[in-house]
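Residue-level listing of the chains:
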Amino acid sequence: MKKTRALLLLVATLALVASACSSDSDTTTTAATAAGEVPDLGGRTVTIAVENAYLPFNFIPAGGTDGVGWDYDAFAAICEVINCTPDFIPMQWDGMIDQVAQGAVDTAGDGISITDERKEVVDYSDAYMVVEQKFLVRIDDDRYADSIAVIDASDAIIGTQVGTTNYELAETLVGADRIKAYDQFPFTIEALIQGDVDVVIIDDAAGQGYVGVNADKLKIVTGGLQSDPLGFIFEQGSDLVEPVNIALAILKADGTLDVLGEKYFSDAFTTTYDDIADAEYEG
């Protein structure tokens, strides 16, 4: 995987976003930690929904059975701070937010964008990073450059995943009639390679994984379309929000988030979608 300016920006903003989006909670956290009031959940099990198909956040290496990725490491670190036990639950993206909203699981990873619409059904942690949505195109396709206007003026078909902010942005740009939506991003990428769609809108962090394995077929177009802060989601009124926010602030301050950023969002991360197992879900 080649390091890009966007990827470097993502790493650089890990700590900055957490700070910028949570100044009030940071003040609370500073006071709490100074007074020795870091929450202790007494070993409580916290269930975390993960798709296990979304590099670099969560995935299962080919030939393995255990999930790994940023979500796994981040929540292990969170639980070390506030004394909880993470229990990762494989779950399809479609329906994940609803399952958290209904209390079926405590929280979810998967790089979930913070939006006002989602805040109507779930509570969020403070933002832990920001990603940019970008165009992904075939390697020999220069029609769209970095211009949203060109997409809008053309008859381009946009591919993306259902239920994502990528889909919402595509709908804003061209309307639902010019979108082909798929259950998982790997299907969307294959549609792009085969010419069934003209362009894909994808988060830059996830897009790097697809380009890495298809460097001779795909490229990310320079220029971000929209910046999305990411946060963990919880059932409304959950008593886990404040402890997780305090843990995130501590992990930001002690450099843990920077270490995880370097591990998963730089050229140190070389896993591609050819290197992971297919996700399996119950039911």
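Calculation criteria
Residues numbered from 1 in each chain as written. Predicted model: local features only at pLDDT ≥ 70, side-chain atom pairs only at ≥ 80, totals over all residues. Heavy atoms only, no water. Phe/Tyr/Trp six-rings, centres within 6.5 Å; stacked < 30°, edge-to-face > 60°. Helix = DSSP H or I, 4+ residues; strand = E, 2+ residues; numbered from the N terminus. Buried < 20%, exposed > 50% of the residue type's maximum accessible area, 1.4 Å probe, protein only. Core = buried A, V, L, I, M, F, W, Y, C linked by side-chain atoms within 4.5 Å. Contact = heavy atoms within 4.5 Å. Pairing = 2+ DSSP bridges. Axes fitted to C-alpha atoms, helices over the stretch in contact; angles between N-to-C directions. Parallel < 35°, antiparallel > 145°, perpendicular 65-115°, else oblique. Nonpolar A, V, L, I, M, F, W, Y, C, P; charged D, E, K, R; others polar. Lys, Arg positive; Asp, Glu negative; His and termini not counted. Salt bridge = Lys/Arg side-chain N within 4 Å of Asp/Glu carboxyl O. Polar contact = N/O pair within 3.5 Å; in protein donor to acceptor, adjacent residues only side chain to side chain. pLDDT = per-residue confidence, 0-100. Disulfide = S-S within 2.5 Å. Patch = residues over 30% accessible without salt bridge, like charges linked within 9 Å, V, L, I, M, F, W, Y side chains within 5 Å. Areas by Shrake-Rupley, 256 points an atom, 1.4 Å probe, with all protein chains shown as cover. Charge placed at Lys NZ, Arg CZ, Asp CG, Glu CD.

(A) How the structure looks around the packing of aromatic side chains. Per the counting criterion, the structure on display carries 10 aromatic pairs. On the basis of an interplanar angle of 35° and a centroid distance of 4.1 Å, the ring pair of Tyr72 and Phe88 is categorised as tilted. Highlighted residues: Tyr72 in helix α3 (residues 70-82) and Phe88 in strand β4 (residues 84-90), separated in sequence by 16 residues. Each member of the pair, Tyr72 together with Phe88, is buried. Within the aromatic cluster, the residues linked to one another by ring pairs are Tyr54, Phe57, Trp70, Phe75, Tyr128, Phe232 and Phe265.

(B) Structural context of the nonpolar core. Formed by 37 residues in total, the largest nonpolar core has its most connected members in Trp70, Phe75, Ile78 and Phe232. Counting only elements with at least two residues in this core, the list comes to β1 (44-50), α3, β4, β7 (129-138), α10 (241-253) and α11 (256-264). The biggest single contributor to this core is α3, with eight residues. Excluding residues that lie within four positions of it along the chain, Phe75 makes contacts with Val46, Ile48, Pro86, Phe88, Thr107, Phe232 and Val244. The next biggest cluster of nonpolar side chains, apart from the first, holds 15 residues, and it includes Phe135, Ala170, Ile179 and Ile201.

(C) Representation of the pairing of strand β10 (residues 199-203) within the structure. Within β10, five of the five residues are buried, leaving the element largely enclosed by the surrounding structure. Burial along β10 is two-sided: Val199, Ile201 and Asp203 facing one way and Val200 and Ile202 facing the other are all buried. Relative to β10, β7 runs antiparallel, the two sharing four bridges. Each bridged residue has a counterpart across the sheet, and for Leu136 the counterpart in β10 is Val200.

(D) The packing of α3 against α10, seen in detail. With their axes 9 Å apart at the nearest point, α3 and α10 run at an angle of 105° to one another. Relative to α10, α3 is oriented roughly perpendicular. Note on element contacts: α10 touches α3 through Pro243, Val244, Ala247, Leu248, Ile250 and Leu251, opposite Ala74, Phe75, Ala77, Ile78, Val81 and Ile82. By residue class, the composition of the contact of α3 with α10 is 12 nonpolar, no polar and no charged.

(E) Representation of the side chain of Arg118. Position of Arg118 among the secondary structure elements: in helix α5 (residues 116-119). For the buried residue Arg118, which engages in no salt bridge, the nearest side chain bearing the opposite charge is Glu168, 4.7 Å off. In terms of polar contacts, Arg118 uses its side chain to reach the backbone carbonyl oxygen of Ser113, at 3.1 Å. A distance of 3.2 Å separates a polar atom in the side chain of Arg118 from the backbone oxygen of Gly163. For Arg118, the contacting residues outside a window of four places in its chain are Trp93, Ile97, Ile112, Ser113, Tyr124, Gly163, Thr164 and Thr165.

(F) Layout of the confidence of the model for the protein. When pLDDT is averaged along the protein, the result is 82; 81% of the residues meet or exceed 70. Low pLDDT (under 50) marks residues 1-31, which in the prediction has 55 contacts with non-local residues, meaning those over four places away or in another chain.

(G) Main features of the sheet that holds β4. One open sheet accounts for five strands, arranged β4-β1-β5-β13-β6; its pairing is mixed. In this open sheet, the two strands that pair with only one neighbour each are β4 and β6 (122-124). Of the strand pairs in this sheet, β1 and β4 are connected by seven bridges, and their pairing is parallel. In the sheet register, Thr45 faces β4, and the bridge partner there is Thr85. Those strands touched by α3 are β1, β4 and β5 (107-108), and its axis lies near 155° from that of β4.

(H) The arrangement of the state of the cysteines in detail. By the definition in use, this model includes one disulfide. What pairs with Cys79 in a disulfide is Cys84, and their sulfur atoms sit 2.1 Å apart. In this structure, the disulfide formed by Cys79 and Cys84 twists by about -95° around the S-S bond and is classed as left-handed. Overall, Cys79 belongs to the buried group, its relative accessible area being 3%. Since its relative accessible area comes to 9%, Cys84 is described here as buried.

(I) Quick peek at a negative patch on the surface. There is a patch of like negative charges on the surface, built from Asp116, Glu117, Glu120, Glu168 and Glu171. Mapped onto the negative patch, the elements with two or more residues apiece are α5 and α7 (165-174). With respect to the element layout, Glu120 can be found in the loop between α5 and β6.

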